[in-house]
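# An overview of the molecular structure
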Amino acid sequence: MARLNHKAYTILVRELERCVGNDPLKAPTKRLVLKRLERLRQQTGDPVSEQQLQETIQALIPEFPTKVIRKAAKANQPSSGLFGYLFWGGAGLAGLAGLVYILNLPYPMIRWPVSKTIPLVLLPSYMKMDYDYRGAIANVEKADQLINQATSAADIELGEEKVNLAQNHLDGLPVWFLGYFPQRYCTLFSCSWRFTLDEYQVARQQVARMDAKVFQETNALTLLEEGQSQIEEAKSQYQQANSESDKQEAISLWQAGLDKLDQIPRQTVAGRMSEPQIRAYQRDFQQASGRAVGTQKTDTLIQAAAQYGMAAAQLSQNPPHAEEQWQEIIRLWDRGSDQLERVRDDNPAYVQAQAKLAEYRKNAAMARIRLRNEQRSTQALNQAKREITAWQRLAASSTNTGVLVSGLQRIIYDLDQVKSGTTATEEARSLRQFAEAKMQELSQ
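Bear in mind the structure is a predicted one, so any value in this text is a computation, not a measurement. (Residues numbered from 1 in each chain as written. Predicted model: local features only at pLDDT ≥ 70, side-chain atom pairs only at ≥ 80, totals over all residues. Heavy atoms only, no water.)

## Observations regarding the overall build of the protein chain
A count of helices and strands for the protein chain gives 18 helices and zero strands. Split into buried and exposed, the 444 residues of the protein chain put 36% on the buried side. The long-range fraction of contacts in the protein chain, counting pairs at least 24 apart against all pairs at least 6 apart in sequence, stands at 69%. Accessible surface, the protein chain: about 25700 Å² in total, of which carbon and sulfur atoms supply 54%. (Helix = DSSP H or I, 4+ residues; strand = E, 2+ residues; numbered from the N terminus. Buried < 20%, exposed > 50% of the residue type's maximum accessible area, 1.4 Å probe, protein only. Contact = heavy atoms within 4.5 Å. Areas by Shrake-Rupley, 256 points an atom, 1.4 Å probe, with all protein chains shown as cover.)

## Overview of the UniProt feature "coiled-coil region" (unreviewed entry) in the protein chain
UniProt tags residues 224–251 and 350–377 as "coiled-coil region" (unreviewed entry). The span residues 350–377 shows a helical share of 100% and a strand share of 0%, and its end C-alpha atoms are spaced 40 Å apart. (UniProt positions renumbered as here; feature names shortened; annotations may be inferred.)

## What to know about the pattern of salt bridges
Tallying each qualifying case throughout the model produces 13 salt bridges. The salt bridge partner of Arg432 is Asp416, with a shortest N-O separation of 2.7 Å. Placement of the pair is Arg432 in helix H18 (residues 425–443) and Asp416 in helix H17 (residues 401–416), with a sequence separation of 16 residues. Arg432 gets classed as partly exposed once you look at its relative accessible area, which sits at 26%. Where Glu436 meets Arg432, a salt bridge forms, and the shortest distance between an N and an O atom there is 1.9 Å. Here Glu436 and its partner Arg432 are both found in helix H18, four residues apart, which amounts to about one turn of the helix. With a relative accessible area of 36%, Glu436 lands in the partly exposed category. Each of the salt bridges in this network shares a partner with another, and the network as a whole consists of Asp416, Arg432 and Glu436. (Salt bridge = Lys/Arg side-chain N within 4 Å of Asp/Glu carboxyl O.)

## Re the side chain of Glu15
Position of Glu15 among the secondary structure elements: in helix H1 (residues 6–20). For Glu15, a relative accessible area of 11% gives the class buried. Residues in contact with Glu15, not counting those within four places in the same chain, are Phe64, Pro65 and Val68.

## Here's the deal with unusual backbone geometry
Between Pro319 and Pro320 the backbone carries a cis peptide bond, its omega angle lying at 10 degrees. Residue placement: Pro320 occurs in the loop between helix H14 (269–316) and helix H15 (323–341). Phi at Asn318 is positive, roughly 55 degrees, even though this residue is not glycine. Relative to the assigned elements, Asn318 resides in the loop between H14 and H15. Residue Asn318 is classed as exposed on the basis of its relative accessible area, which comes to 67%.

## Observations regarding the packing of aromatic side chains
Counting across every chain of the model gives one aromatic pair. Cation over ring: Arg41 sits above Tyr9, and NZ or CZ is 4.1 Å from the ring centre. (Phe/Tyr/Trp six-rings, centres within 6.5 Å; stacked < 30°, edge-to-face > 60°. Lys NZ or Arg CZ within 6 Å of the ring centre and 35° of its normal.)

## Points about the packing of helix H16 (residues 350–397) against H17
For any two helices packed against each other, the geometry comes down to the angle between their axes and how far apart the axes lie. Packing of H16 against H17 leaves a shortest axis separation of 8 Å and a crossing angle of 165 degrees. One finds that H16 runs roughly antiparallel with respect to H17. Here H16 runs over H17; the crossing is left-handed. Contacts from Ala380, Leu381, Gln383, Ala384, Glu387, Ile388, Trp391, Leu394 and Ala395 in H16 reach Val403, Leu404, Gly407, Leu408, Arg410, Ile411, Asp414 and Leu415 in H17. Looking at the contact of H16 with H17 residue by residue, the classes come out as 12 nonpolar, two polar and three charged. (Axes fitted to C-alpha atoms, helices over the stretch in contact; angles between N-to-C directions. Parallel < 35°, antiparallel > 145°, perpendicular 65-115°, else oblique. Left-handed = near helix turned anticlockwise from the far one by under 90°. Nonpolar A, V, L, I, M, F, W, Y, C, P; charged D, E, K, R; others polar.)

## As for the packing of H17 against H18
Running from N to C, H17 and H18 cross one another at 160 degrees; their axes reach a closest spacing of 10 Å. The angle between H17 and H18 places the two elements in the roughly antiparallel class. Where H17 crosses over H18, the handedness of that crossing is left-handed. Touching Thr401, Leu404, Val405, Leu408, Gln409, Ile411, Ile412, Leu415 and Asp416 of H17 are Ala428, Leu431, Arg432, Ala435, Glu436, Lys438, Met439 and Leu442, all from H18.

## What about the nonpolar core?
If you look at the biggest cluster of nonpolar residues, it comprises 22 residues, and the most contacted ones within it are Leu4, Leu12, Leu37, Leu53 and Phe64. Those elements that place two or more of their residues in this core are H1, helix H2 (27–42), helix H3 (50–57) and helix H4 (66–75). In terms of residues, this core owes the most to one element, H1, which gives eight residues. Those residues within four positions of Leu53 in sequence are excluded, and the remaining contacts are Leu4, Leu12, Leu40, Val48, Gln58, Ile69, Ala72 and Ala73. Membership of the second largest hydrophobic core comes to 18 residues, among which are Ala305, Val343, Ala353 and Tyr360. (Core = buried A, V, L, I, M, F, W, Y, C linked by side-chain atoms within 4.5 Å.)

The following block contains the structure:
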């Protein structure tokens, strides 16, 4: 009797479809649950209990309703009503057939004396042994070919089915009987093989290894599907991103998908299948992350340049300024220009940076003009002051009007070299008024 009957299986699958639906992210989990349920359907033995169903399903899908599992477990129990009574009544009426059935029950205390006295009665058991043996050997060989030389996920899936069939056939073999009477079976039926307990144990070990490998391969394929889905979603999100924060979020998701692919063992089918894809994904990721880093670096450069420009603009307010202040203003504009010059021509913000660079260079050029005007005006004012001092000494010792007027004209000429809008402008205007007043006095 199958451990999971059709009715219980239908109840669970229907609820699984409702819980998972067509969600692509849950598709691998859904397939894994279906495989576990299918394996229970193929196994024979005691019906699966409610606790075993919970461990099988809710370990992968915690939100799966417990009441549905309870309903399926109840439906999975064999009927013990009228049908059971009719069955045993029919078995009792069958007489000899019932006796043969009892004598073939897989219990050592029954088969031991029967095999020594009337072994022919055990013909059904011998036939089943032959069937299970051949089925086990055939399915183990097929599973070994499919799993250990797999080239695709389909090979692993089919190999898992063969492993389950081989396991079922091995479970049907009476191990204790094989250990004591393999020769009796072969004597009676002229078998060409010798199925011993050692051979049985080797087959068991081989099936166990393949079952473990199927589990590893299935997990690797699940990681591959999840990683691919995550990366494709990240690529789509990156292409549709309208801001740098959205791009960074997509890149983080992309990296998580690559990390999941890195977890796949390289000796598995999924590992071999994913190698070229991983290289392609990593190449695309490096390009995307490189552009993102370049954009972020560009934003940083532009922001740094803006800080220098703001400081220079604030320092330029309320002129006139001394030479030292104009020199500091020029230095700030130049530092901002240096930041903008570092933006590469392949960056999307290159045009914006060049426009800002032109503005900063223009402001720096104007500041240099103001600096030269300040320097020349200061020199002219100082020259005029020295000439005024010399003229005052000359006026105190000489009454030559022509010489004195000529000296005042040189002073006025020097003062006219002082540019407006400089720190020397006001003082030069005052000194010029002094010189003009002296000229007027000498002309009277």
